[in-house]
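Each chain is listed here by its residues.
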Amino acid sequence: MSQPQAVTVLGATGSIGVSTLDVLARHPERYRVHALTAHRSRETLLEQCRAHAPALAVLDREADAAWLRERLSAAGLATEVRCGPEALVEVSEAAEVEVVMAAIVGAAGLLPTLAAVRAGKRVLLANKEALVMSGSLFMDAVDRHGATLLPIDSEHNAIYQCLPVEHRGGLSRHGVTQLLLTASGGPFRGWSAEALAGVTPEQACAHPNWSMGRKISVDSATLMNKGLELIEACWLFDARPSQIQVVVHPQSVIHSMAAYADGSVLAQLGNPDMRTPIAYGLSWPQRIDAGVEALDLFQIARLDFEPADEAAFPCLRLAREAMEDGGTAPAVLNAANEVAVEAFLDGRLGFAEIGELVARVREACPVAPATELEGILAADARARREAQARLERR
Ligand code: NAD
Ligand code: MG
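Residues numbered from 1 in each chain as written. Chains lettered and ligands numbered in written order. Predicted model: local features only at pLDDT ≥ 70, side-chain atom pairs only at ≥ 80, totals over all residues. Heavy atoms only, no water.

### Observations regarding the overall build of the protein
Put simply, the rule is: Counting from the N terminus, the helices are the DSSP runs of H or I reaching at least four residues and the strands are the DSSP runs of E reaching at least two. Throughout, radius of gyration means the C-alpha value; the globule benchmark is 2.2 Å times the number of residues raised to the power 0.38. Working rule for contacts: check all heavy atoms of both residues, and any pair within 4.5 Å makes them a contact. The accessible surface values rely on the Shrake-Rupley method and a 1.4 Å probe; as for residues, cover is taken only from the protein chains in view.
When its secondary structure is counted, the protein shows 17 helices and 11 strands. Relative to the globule expectation of 21 Å for 394 residues, the C-alpha radius of gyration of the protein, 20 Å, shows essentially globular dimensions. Projected onto the principal axes, the alpha-carbon positions of the protein cover approximately 55 × 55 × 45 Å. Long-range contacts, defined as pairs at least 24 residues apart, comprise 68% of the intrachain contacts of the protein with a sequence gap of at least 6. Accessible surface, the protein: about 16400 Å² in total, of which carbon and sulfur atoms supply 51%.

### Focus: the site of ligand 1
What counts, and what does not: What makes a residue near a molecule or strand is one non-hydrogen atom of that residue sitting within 4 Å of it. Pairing of N or O atoms within 3.5 Å defines a polar contact, subject to two protein rules: one partner must be a possible hydrogen donor and the other a possible acceptor, and residues neighboring in sequence count only if both atoms are side-chain atoms. The split of the chain into domains comes from an automatic or database domain assignment.
Around ligand 1, the surrounding shell holds 21 residues, and the nearest of these are Thr13, Ser15, His39, Glu129 and Gly213. Within the backbone of Gly14, one N or O atom sits 3.1 Å away from an oxygen atom of ligand 1. A distance of 2.7 Å is found between an oxygen atom of ligand 1 and a side-chain nitrogen or oxygen belonging to Glu129. Across the complex, the protein chains shield 87% of the 820 Å² of accessible surface that ligand 1 would expose by itself. Listing elements by their share of the shell around ligand 1, those giving two or more residues are α1 (15-25) and α6 (128-145). Per-domain counts for the shell around ligand 1 show at least three residues from each of domain 1 (5-152) and domain 2 (159-325).

### With respect to helix α10 (residues 214-222)
Along an α-helix, residues three or four positions apart point the same way, because every turn accommodates 3.6 residues. The test is simple: Throughout this description, buried means an accessible area under 20% of the type-specific maximum (1.4 Å probe, protein chains only), exposed means over 50%, and partly exposed covers the range between.
Most of α10 is tucked away: 7 of the 9 residues are buried. Within α10, burial applies to Lys215, Ser217, Val218, Asp219, Ser220, Ala221 and Thr222. At its buried positions, α10 is contacted by α6, α9 (201-204), α11 (224-236), α14 (315-325), α15 (329-345) and α16 (353-364). One or two positions beyond α10, positive phi appears at Leu223, with a value near 75 degrees.

### Considerations on helix α7 (residues 154-162)
Taken across its 9 residues, α7 has 8 buried, putting it largely inside the fold. Packing partners of the buried residues in α7 comprise β7 (148-151), β8 (176-183), α11, β10 (254-260), β11 (265-269) and α12 (275-283).

### Looking at the nonpolar core
Selection rule: For the purposes of this section, nonpolar cores are sets of buried Ala, Val, Leu, Ile, Met, Phe, Trp, Tyr and Cys residues that join through side-chain atoms within 4.5 Å.
Judged by nonpolar contacts, the single largest core of 131 residues is most densely connected at Leu68, Met101, Phe138, Leu179, Phe237, Leu333 and Phe351. Among the elements that make up this core, the one with the highest residue count is α15 (11 residues). Summarising the domain contributions, this core has at least three residues from each of domain 1 (5-152) and domain 2 (159-325). In this view, Phe351 contacts Phe188, Leu196, Ala197, Val199, Ala204, Ala221, Thr222 and Phe344; residues no more than four positions away in its chain are not counted.

Here you go:
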């Protein structure tokens, strides 16, 4: 039997990270954990080190790393602890690593995810913000370095499953006419603009179907998540924004679809549990047990579909426009949104003002080509400054 594959989990303590470790632990003969990383959650990382005995653990600050080192050595564990962004890159590109789960939230995940791509790893992409920011640069690096990129976002994982294995080079070459990106509609589906104005962080983070980190929960509630996913789908599948239709499907059972020229529509269905796409990404082209219950269609009974309300949820339109503008526009959109969501979660910005702030920052930041990492990071930094300045002026 072959050796277990070494896996690095970036963002191990988050919602996707925890689900990834759950799947890995079901298959010790196939996978071993090489490195686990977290930002601040040292207690959770300590528990994960006890359970999975990685060779390396990474935290952001040296003080937290020292704390973890002490606990690990007291427990007789050999895990080495490092800190800082360089350590994230190291555990992503290390020669012994075969698989990298990119599950850091936000722009902070870009450099380690890109490092894994450039080292030719199998990259499981949950960190959609990294691809939204760096689109063509990222996909070029996948091709140039022979990385295997598997989308973990449930919609993109579903589309991947509905497309031919060789699907690069434009959808029409493969007879695909449209990608149907499903959306739950978030917790405020059907709400009026007036009602949305008073939404609190607690309400926004209580998603009806999925349990997720706070940032993506807010993005799901504003539909910015669907907008980021539209951009993500354009890059992953060589699609134009006009080839992607957003379909609100409140049950979240169909995870997305591909429509073909002959009238066929292929869909991937399953219970809303991220362990399914994670297991798919880990084992592709094989299939392994994900610990997910079989879908009970009689219990679901019905599947509903409706268009998205872009008047009440402007973030979807803003994202589509950013993709159409191209260059650094998606990076600017993403950075402004990250600042706005943080301000909303801290009670400094109203729910309906998230989209307004993103729109103002987009107007203020000129679009430049996004062919170099430097330019992308500069656009990200400028957009954050613009957003902060506008927040402070209010
Ligand atoms: P989360 O907030 O639960 O976890 C984020 C992880 O990243 C944590 O381990 C945290 O310690 C780490 N982290 C945060 N900031 C960091 C920083 N500055 N530097 C280094 N590490 C940092 O988030 P999540 O819900 O697990 O989402 C992770 C990513 O996956 C996001 O990009 C999200 O959009 C995407 N995603 C999540 C889901 C889901 O169901 N949760 C579904 C699809 C896509
Ligand atoms: Mg998704």
